[in-house]
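Examining the three-dimensional arrangement
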Amino acid sequence: MKKLVNTLVTASVIATAVAASSVITAVKVNANLDKVSYNYDVWENAKMTEVTLYPQTTIKFNDKEANNINQDAKAITAEIGALYNGSKIAFIVKWADGTKNITTGNCIDRYADGFAMQFASDASNPKQLPYIGMGSDGRPVVVHLQKEAFGTYEPNGYGNVAHQVNPNQTDLFGKDLANFNKKVKALATNDYERSFVAEGFRSTTEIKDGSNTSYARIGYVGKGWEGTLSRPLKDAYVDLNAAVIPVALAIWDGGKLGRNGLKYLTGWTAVKLEGKTGSEELLASLTEKSKGDAAKGKEAAMNNGCTGCHQMEAQDAENLMGPGLKNIGGYATADYLRESLVAPSAVVVPGYNRNAHSSFPWYNLEDGKRVSTMPGFDYLEQSDIEDIVAYLQTLKAEVK
Amino acid sequence: MSKRQLAMVMDLNKCIGCQTCTVACKTQWTNRNGREYMYWNNVETYPGTGYPKNWMELGGGFDAAGDLQPGVIPNLEADYGVPWDYNYDALQGGASFEPNVEPTWGPNWDEDEGAGAFPQDNYFFYLPRICNHCTNPGCLSACPRDAIFKREQDGVVLVDLDRCQGYRYCIAGCPYKKIYFNPKISKSEKCILCFPRVEQGLPPACAQQCVGRIRFVGFLDDEESQVYKLVHKYKVALGLRSDYGTQPNVYYVPPTESPVKFDADGKIIPDSGRLPIEELEKLFGPEVHGAIKTLKDEMKKRKETGESELMDILIAYQHSDMFRLDNNYYQQVARENGQNPLAPVDTRYAAGKYTKAGHEMNFFHGGHGHTAGGHH
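Residues numbered from 1 in each chain as written. Chains lettered and ligands numbered in written order. Predicted model: local features only at pLDDT ≥ 70, side-chain atom pairs only at ≥ 80, totals over all residues. Heavy atoms only, no water.

Our focus in this paragraph is the overall build of chain A. Looking only at helices and strands, chain A has 9 helices and 15 strands in total. Across its three principal axes, chain A shows a C-alpha extent of roughly 80 × 55 × 50 Å. Here chain A, with 400 residues, has 52% of them falling under the buried criterion. At a minimum sequence separation of 6, the contacts of chain A that also span at least 24 residues come to 72%. Considering chain A, the positive charge centre built from 42 side chains and the negative charge centre built from 45 side chains are found 6 Å apart. (Helix = DSSP H or I, 4+ residues; strand = E, 2+ residues; numbered from the N terminus. Buried < 20%, exposed > 50% of the residue type's maximum accessible area, 1.4 Å probe, protein only. Contact = heavy atoms within 4.5 Å. Lys, Arg positive; Asp, Glu negative; His and termini not counted. Charge placed at Lys NZ, Arg CZ, Asp CG, Glu CD.)

Okay, structure coming up:
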């Protein structure tokens, strides 16, 4: 009985402590945020907000087993809080995950749990934010990734050639061999923190020149993960000195063979930096719910042939011809949907490998630029466009 | 498609399954740093489960329409096998002889088993396999990071370890399962066709060490090369499972000879063959009939007239008859890329389509004007 009471109390505490708003508040603090981890006291100041992450279903990958496991993937939720001071901004992310999955150095079929946060290099035009899936041509993003990982030994480039041989092939034994193995182990990196710049999935490039100073941690606490990221408000890649910044969160579940595009993600989510003013237009765009008529929009989508190339609803047949849209309402803003309808080539969903599906050409390369196979629907009535956008915003999986 | 394509031809009539190639590759590349379980080169018994287990049934490759097919990533314990060692050192102390991990599976678990009933009609042959350095690689198409590329100068398919993030879609995409995941560095690795050796005038380790002299290496656009003659001129060398649609660049001369069958009384059945042609058709496609016919015709011609260029090539009197590595071409490529081309360490096989006079001399033959790759 005591246990039950405890559970009830905990549940109600969470319910009151987490705001159900779609805007994350970054609380201004005086504390040092240079290298904060998830178990630091400073997070007591944070206001937690619940966000929903939807399974990435725009692109389908070729791992048969993973596809089977994730066929009917539901949305998940996470809590997110933010703090900032004069120079840094820090985030904490908490999500439930019943299985702790980390990669190990001796197993080839394991994938790590982890999270990533994405920032837009340029958010000055809310109507043309970078594509949510790691940016798009001409609209770069910076992504910070943190995964729990076993020691990864990357010998290349460190000049430690002598330790790149099999211990059985050395003439060492006994204590010398133990020391050799110890040295090899010490050369491994236990921290799988990576930062990338990207203009689309396939362009993702790790920042390795030392220009990135972010700091991310992750730990399994109770029945879930807690991860943190602290980064400068302004660096070579983004300037976050604004009243509102768009942030996107991705979470990987290694237990479901999650990696790369097999992930859960939020749409661009507004983070309001407490005490700063402005960015009203961006805030409005990030939180906009189209005023169109979704029922009419569904009809219009049918009449205009959308279903010929796109999988729209979960029960529709999968379609390789165009990006899958069954979760598009979960991660696209109304402005993005409008743009994609009217000017499909503005953002051609990256990640799609034309070489892999040569009989379904989503796009053609013209002068090195991707030109979408989809015609622009700029001739539609404004009301039709609005209805379709409203309909698309309803397309998303329910929360598990 | 790359500008030129380096290719290998393996003559299955001559493979004795000695695994020298396997060991040459292993000691050169895969005995360390998380690659221990990998065999970039393996020799499997056909019919058999192969390596990894049942690789032909694991998906990947392309369908007739040209679309990449989903595939399965094999399991380390069940499908590849964890390499084990024995406690030799402990034996002196009186310990019993034990493996350090329980062997569950490994390459050649079913070596020499083959098919059919012994002794009447049992049969098998050896199938050495490396990466096919495909013209349309399944691994490359599957990679969502553009981490796999095909070298422009010779079509060798490589993983850019800087871009690779260890997603492993390439393994699902390769129908031959010849790209592997290295858990120690969390990246994919594969056969590199020994490109650092090839650029230095040395054939790939597996080919150089082949005691049966089954492996020819050269450029497919070099009409003087052995591979060109076997693949294009005589059409006796065929790609393995070309139906996967990846356009493999390792070619096989199908086995033409097999022992006769015995009847119930243990007597020879005249003109019988143990190797069902359907098996060869499955591996090498319908072209295998033409290839076998050409081989038999040329064998006959050789017996009758003493002349046959094809038989001369396949016999490979000199090991140097098997390789044309076009070292001059690689030096030229290096110069074009602003690199400092190193002199070849071995000039025996340096001749090739783009190799001009002056590169013919070599110190192994005392400068007698020996043309590498030519006939003697």
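Trans is the prevailing form of peptide bonds, just as negative phi is the prevailing case for residues other than glycine. Residue B:Pro47 follows B:Tyr46 across a cis peptide bond; omega there is 0°. Residue position: B:Pro47 is located in the loop between strand 2 (42-46) and helix 2 (76-80). Cis rather than trans, the peptide bond between B:Tyr51 and B:Pro52 has omega equal to -10°. As for its placement among the helices and strands, B:Pro52 is situated in the loop between strand 2 and helix 2. Unlike most non-glycine residues, A:Ser279 shows phi in positive territory, near 60°. Relative to the helices and strands, A:Ser279 resides in the loop between strand 13 (269-273) and helix 4 (280-287). For B:Gln247, which is not a glycine, the phi torsion comes out positive at approximately 55°.

Working definition: an aromatic ring pair is given by the centre-to-centre distance plus the angle between the planes. Residues and elements named next belong to chain B. Under the definition given, this model contains 29 aromatic pairs over all chains. Taken together, a centroid distance of 5.4 Å and an interplanar angle of 70° make the contact between Phe 124 and Tyr 126 edge-to-face. Note on Phe 124: relative accessible area 33%, which makes it partly exposed. On the basis of relative accessibility, which here comes to 12%, the residue Tyr 126 falls in the buried class. (Phe/Tyr/Trp six-rings, centres within 6.5 Å; stacked < 30°, edge-to-face > 60°.)

Moving on: the pairing of strand 13 of chain A. All names here are of chain A. Most of strand 13 sits out of view: 4 of its 5 residues are buried. The sheet contact formed by strand 1 (residues 24-28) and strand 13 spans 3 bridges and is parallel. The partner of Thr 25 across the bridge, within strand 13, is Lys 272. Note that strand 11 (residues 244-252) and strand 13 share 4 bridges and pair antiparallel. Residue pairing for strand 13: Val 247 is matched across the bridge by Thr 269. (Pairing = 2+ DSSP bridges.)

On to helix 4 of chain A. Residues and elements named next belong to chain A. For helix 4, the full list of buried residues reads Leu 282, Ser 285 and Leu 286. The arc that holds every buried residue of helix 4, seen down its axis, measures 95°, which confines them to one face. Of the surrounding secondary structure, the elements contacted by the buried residues of helix 4 are strand 11, strand 13 and helix 8 (334-342). (Arc of directions from axis to C-beta.)

With that settled, the discussion passes to the packing of helix 8 of chain A against helix 9 (residues 382-394) of chain A. Residue and element names in this part refer to chain A. Their axes nearest at 10 Å, the elements helix 8 and helix 9 cross at an angle of 125°. Between helix 8 and helix 9, the angle is such that the two are oblique. Once helix 8 is placed against helix 9, the crossing between them reads as right-handed. Residue-level contacts link Ala 334, Leu 337, Arg 338, Leu 341 and Val 342 of helix 8 to Ile 385, Glu 386, Ile 388, Val 389, Leu 392 and Gln 393 of helix 9. Each residue belonging to the contact of helix 8 with helix 9 can be placed in one class, and the counts come to 8 nonpolar, 1 polar and 2 charged. (Axes fitted to C-alpha atoms, helices over the stretch in contact; angles between N-to-C directions. Parallel < 35°, antiparallel > 145°, perpendicular 65-115°, else oblique. Left-handed = near helix turned anticlockwise from the far one by under 90°. Nonpolar A, V, L, I, M, F, W, Y, C, P; charged D, E, K, R; others polar.)

Okay, the interface of chain B and chain A next. Facing the 43 residues of chain B at the interface are 46 residues of chain A. There are 2 salt bridges connecting chain B and chain A. Measuring nitrogen to oxygen at the nearest pair gives 2.4 Å for the salt bridge that ties B:Asp162 to A:Lys208. Remark: the boundary between chain B and chain A carries 19 residue pairs in polar contact (both at pLDDT 80 or more). At the level of secondary structure, the elements contributing two or more residues to the side of chain B that touches chain A comprise helix 2, helix 4 (138-142) and helix 5 (169-173) of chain B. For the side of chain B that touches chain A, the residue count by class is 21 nonpolar, 11 polar and 11 charged. (Salt bridge = Lys/Arg side-chain N within 4 Å of Asp/Glu carboxyl O. Polar contact = N/O pair within 3.5 Å; in protein donor to acceptor, adjacent residues only side chain to side chain.)

Here we take up the sheet that holds strand 8 (residues 215-219) of chain B. Residue and element names in this part refer to chain B. Pairing within the open sheet is mixed, and its 4 strands lie in the order 8-1-10-9. Unpaired on one side and paired on the other, strand 8 and strand 9 (238-239) mark the two borders of the sheet. Taken together, the 5 bridges between strand 1 (residues 6-11) and strand 8 define a ladder with antiparallel strand orientation. The residue bridging Met 8 from the neighbouring strand is Val 217, located in strand 8.

Here the focus is the environment of B:Leu342. Residues and elements named next belong to chain B. Checked against the element boundaries, Leu 342 lands in the segment after helix 12 (327-336). Put simply, Leu 342 and Gln 92 are 250 residues apart on the chain and 49 Å apart in space, counted from C-alpha to C-alpha. Discounting chain neighbours no more than four positions away, the residues touching Leu 342 are Gln 200 and Gln 331.

On to the side chain of A:Ser214. Residues and elements named next belong to chain A. On the secondary structure map, Ser 214 appears in the loop between strand 8 (205-206) and strand 9 (215-221). Side chain to side chain, Ser 214 and His 144 meet in a polar contact 3.1 Å long. Among the polar contacts listed, one links the side chain of Ser 214 to the side chain of Asn 212, at a separation of 3.0 Å. Setting aside residues up to four positions removed in sequence, Ser 214 forms contacts with His 144, Glu 193, Ser 195, Leu 229, Ser 230 and Arg 231.

Of all hydrophobic cores here, the largest spans 159 residues; its most connected members are B:Met8, B:Val9, B:Tyr37, B:Leu230 and B:Phe284. Formed jointly, this core draws a minimum of three residues from each of two domains, domain 1 (19-153 + 188-287) and domain 2 (294-394) of chain A. Once residues lying within four places of it in the same chain are set aside, the contact partners of B:Met8 are B:Ile130, B:Leu193, B:Pro204, B:Cys206, B:Ala207, B:Arg215, B:Phe216, B:Val217, B:Val227, B:Asn249, B:Val250 and B:Tyr251. Core analysis: the second largest hydrophobic core is formed by 32 residues, A:Ile218, A:Leu233, A:Leu240 and A:Val247 among them. (Core = buried A, V, L, I, M, F, W, Y, C linked by side-chain atoms within 4.5 Å. Domains from an automatic or database assignment.)

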